[in-house]
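Residues per chain, in single letters:
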Amino acid sequence: MTPEQPAAAPGGRRPRRQRVVLSDRRRSTPVARTIMELEEQTSVGEVLVSYLVRAQLRSALLMTGLLVAGLFGLPLLFYVLPSLGDMVIAGIRLPWLVLGVLPYPFMVLLGFWYSRAAARHERDFLHMIER
């Protein structure tokens, strides 16, 4: 068998050719028009992009506020309640334990939340474009 000849199907027949379709052409016209409006920076494209930017900015500011409140709230808690600073857990004073361990899972959770929110905003943006 040479590379130019296709493998024969059972029974000695050649396999049927299949048409490969990369995209649905019926949907491409409205989407292409919206993408063109985005590229040409028309008023419609500008509104769509500003919606995405506002949504991303709102999520970023909320995440930053939670991060600042969480990280600056811990030392403030120990300042307001000095009796917590005298507690010892497993031979380690509570302020060292809380300030050395607690911020890291908190930041990981905030990062996970932010990446999910950003992906959701981009998905909503794409759904708006496709409509």
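One structure accompanies this document, and this report is about it. (Residues numbered from 1 in each chain as written. Predicted model: local features only at pLDDT ≥ 70, side-chain atom pairs only at ≥ 80, totals over all residues. Heavy atoms only, no water.)

**Things to note about the overall build of the protein chain**
Moving on, step 1. Regarding its fold elements, the protein chain presents 4 helices and 2 strands.
Moving on, step 2. Taken from the N to the C terminus, the helices and strands of the protein chain come in the order α-α-β-β-α-α.
Moving on, step 3. Sorting the 131 residues of the protein chain into buried and exposed places 17% on the buried side.
Moving on, step 4. Summarising the internal contacts of the protein chain: among those between residues at least 6 apart in sequence, 62% fall at separations of at least 24. (Helix = DSSP H or I, 4+ residues; strand = E, 2+ residues; numbered from the N terminus. Buried < 20%, exposed > 50% of the residue type's maximum accessible area, 1.4 Å probe, protein only. Contact = heavy atoms within 4.5 Å.)

**A look at unusual backbone geometry**
Moving on, step 1. For alanine 90, which is not a glycine, the phi torsion comes out positive at approximately 55°.
Moving on, step 2. Assignment of secondary structure puts alanine 90 in the loop between strand S1 (88–89) and strand S2 (92–93).

**A few points about helix H2 (residues 43–80)**
Moving on, step 1. The terminal C-alpha atoms of H2, which comprises 38 residues, lie 52 Å apart, in line with the 56 Å expected from a rise of 1.5 Å per residue.
Moving on, step 2. Largest kink in H2: about 35°, centred on glycine 73, with the proline proline 75 one to four residues after it.
Moving on, step 3. Within H2 the residues assigned to the buried category are Gly45, Leu48, Leu52, Ala55, Gln56, Ser59, Met63, Leu74 and Phe78. (Expected span 1.5 Å × (residues − 1). Bend = angle between axes of the 7 residues up to and from the residue.)

**Observations concerning the environment of proline 95**
Moving on, step 1. The topology assignment puts proline 95 in helix H3 (residues 94–101).
Moving on, step 2. When the C-alpha positions of proline 95 and proline 75 are compared, they lie 8.2 Å apart, and in sequence the two are 20 residues distant.
Moving on, step 3. Apart from the residues lying within four places of it in its own chain, the contact partners of proline 95 are Phe78, Leu84, Gly85 and Gly100.

**Describing the packing of H2 against helix H4 (residues 103–130)**
Moving on, step 1. As a packed pair, H2 and H4 sit with axes 10 Å apart at the nearest point and diverge in direction by 170°. Taken together, H2 and H4 sit at an angle that is classed as roughly antiparallel.
Moving on, step 2. Here the contact of H2 with H4 is built from residues that sort into 23 nonpolar, 4 polar and 1 charged. (Axes fitted to C-alpha atoms, helices over the stretch in contact; angles between N-to-C directions. Parallel < 35°, antiparallel > 145°, perpendicular 65-115°, else oblique. Nonpolar A, V, L, I, M, F, W, Y, C, P; charged D, E, K, R; others polar.)

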